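# Inside the fold
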Amino acid sequence: FPSHDKPGDLELNNDQGIIFIVEDDPDLQTILTFNLQKQGFKARCFAKAEEMLFFLESSPKLEPQGFVVDINLAGHMNGLELVRQLRGQKRTSKTPVLMLTAKGEAPDIVRGLDEGADDYLPKPFDMDVFLARLKSCLRRGERATGGISASKKAISLSGIDIDPVSHQVYRDWE
């Protein structure tokens, strides 16, 4: 699983928006992380979808503000399968997803959007366009949750968790 000494690592107790980047190119991870941090975001990078899902499951109180997902990933799961899983989980079903991938033909873009991505940006891309489109996804995601910031923390007491974003109550996040 990911090391904790590379760009994209974060302290999980900060209230700033956290963007999960699922991209297997370490150079692109570094570039994206650097530019997101310049915009005030924190970023956490994963080369494999399975790593990100494991990390998310093992951090039940962590609520990413958004996901940036490549289609072609290392590991057994591709980005489209990951998006389907994210959309199928109550916790991440409304979290914005930006696909960032080399697959830039019209059928690829349509498939990515049909699978649940909120936006789709083919590589190569302009960094300013990437940042603008990600911010647009995040704004739409915030509106979809009633305008409440996605970075608000859950309230937990005796195994009962209240999610202030979705207004849902969970027992041990189930």
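Once a new chain begins, its residue numbering starts again from 1 and follows that chain's sequence as written. It should be noted that, the model being predicted, local features are given only for residues of pLDDT at least 70 and side-chain atom pairs only at 80 or more, the latter also being counted only at that level, while totals for whole chains, interfaces and linings use all residues. Side-chain figures throughout are based on the complete set of non-hydrogen atoms in the structure, without hydrogens or water.

### Points about the pairing of strand E4 (residues 97-101)
Exposure is judged per residue with a 1.4 Å probe applied to protein chains only, and the accessible area is read against the type maximum: over 50% gives exposed, under 20% gives buried, and values in between give partly exposed. Here a strand is any run of E in DSSP of at least two residues, a helix any run of H or I of at least four, and the numbering for each starts at the N terminus. Across the 5 residues of E4, 5 count as buried, placing the element largely inside the fold. Handedness of the crossover is the feature at issue here: the chain leaves strand E3 (residues 66-69), passes through helix H3 (residues 79-88), returns alongside E4, and the resulting connection is right-handed. When DSSP finds two or more bridges between two strands, those strands count as paired. In the sheet, E4 pairs with strand E5 (residues 119-122) via 4 bridges, with the strands oriented parallel. When the bridges of E5 are listed, Leu98 appears paired with Asp119. By definition, the crossover connecting two strands over a helix is right-handed if that path, from the first strand to the second, turns clockwise as seen with the strands pointing away from the viewer. The β-α-β motif built from E4, the intervening helix H4 (residues 106-114) and the parallel element E5 has right-handed crossover chirality.

### With respect to the pattern of salt bridges
In what follows, salt bridge is the name for a side-chain nitrogen of Lys or Arg lying within 4 Å of a carboxyl oxygen of Asp or Glu. Using the criterion set out here, one finds 7 salt bridges in the structure. Measuring nitrogen to oxygen at the nearest pair gives 2.8 Å for the salt bridge that ties Glu23 to Lys123. With Glu23 in the loop between strand E1 (18-22) and helix H1 (26-38) and Lys123 in the loop between E5 and helix H5 (127-144), this residue pair connects regions lying 100 residues apart in the sequence. The exposure class of Glu23 is buried, given its relative accessible area of 3%. With a shortest N-O distance of 2.8 Å, Arg133 and Asp119 are connected by a salt bridge. You can see Arg133 sitting in helix H5 and its partner Asp119 sitting in strand E5, a full 14 residues away along the chain. Owing to a relative accessible area of 13%, Asp119 belongs among the buried residues under this scheme. One network of salt bridges, with partners in common, ties together Glu23, Asp70 and Lys123.

### Comments concerning the nonpolar core
Core analysis: the largest hydrophobic core is formed by 23 residues, its most contacted members being Phe20, Met52, Phe67, Leu82, Leu86, Val97 and Met99. Elements that contribute at least two residues to this core include exactly E1, helix H2 (49-57), E3, H3 and E4. Per-element accounting of this core gives the leading share, 5 residues, to H2. Residues are treated as being in contact if the distance between any of their heavy atoms lies within 4.5 Å. Setting aside chain neighbours within four positions, we find Val97 in contact with Phe67, Val69, Val83, Leu86, Arg87, Ala117, Asp118, Asp119 and Cys137. To define a nonpolar core, start from buried Ala, Val, Leu, Ile, Met, Phe, Trp, Tyr and Cys residues and group those joined through side-chain atoms within 4.5 Å. Counting 17 residues, the second-largest nonpolar core is a separate cluster that includes Ile21, Leu32, Phe41 and Leu100.

### Here's the deal with the confidence of the model for the protein chain
The share of residues in the protein chain with pLDDT of 70 or more is 78%, and the mean pLDDT across the chain is 83. For residues 1-15, every residue scores under 50 in pLDDT, and the model assigns this stretch 33 contacts once sequence neighbours within four places are set aside. Confidence scores here are pLDDT values: one per residue, from the predictor, ranging 0 to 100.

### A look at the sheet that holds E1
Within a beta sheet, neighbouring strands are joined by backbone hydrogen bonds and run either parallel or antiparallel to one another. A sheet is described by the order of its strands in space; here 5 strands give the open sequence E2-E1-E3-E4-E5, paired in parallel fashion. Bordering the open sheet on either side are strand E2 (42-46) and E5, each of which pairs with just one other strand. Across this sheet, the average inter-strand angle for adjacent strands is 20°, counted without regard to direction. Note that E1 and E3 share 4 bridges and pair parallel. If you follow Ile19 over to E3, its bridge partner there is Gly66. Under this scheme, a helix contributes an axis fitted over its contacting stretch, all axes are lines through C-alpha atoms, and angles between N-to-C directions fall in the 0 to 180 degree range.

### Comments concerning the packing of aromatic side chains
Two aromatic rings from Phe, Tyr or Trp, using only the six-membered ring of Trp, form a pair when their centres are within 6.5 Å; if the ring planes differ by under 30 degrees the pair is stacked, by over 60 it is edge-to-face, and anything between is tilted. According to the stated counting rule, one finds 5 aromatic pairs in the structure shown. Where Phe125 meets Phe130, the ring centres are 5.7 Å apart and the plane angle is 50°; that geometry is what we call tilted. You can call Phe130 buried: its relative accessible area is 0%. Directly above the ring of Phe55 sits Arg44, whose terminal nitrogen or CZ lies 4.9 Å from the centroid. Working rule: Lys NZ or Arg CZ, within 6 Å of ring centre, within 35 degrees of ring normal, means a charge sits over the ring.

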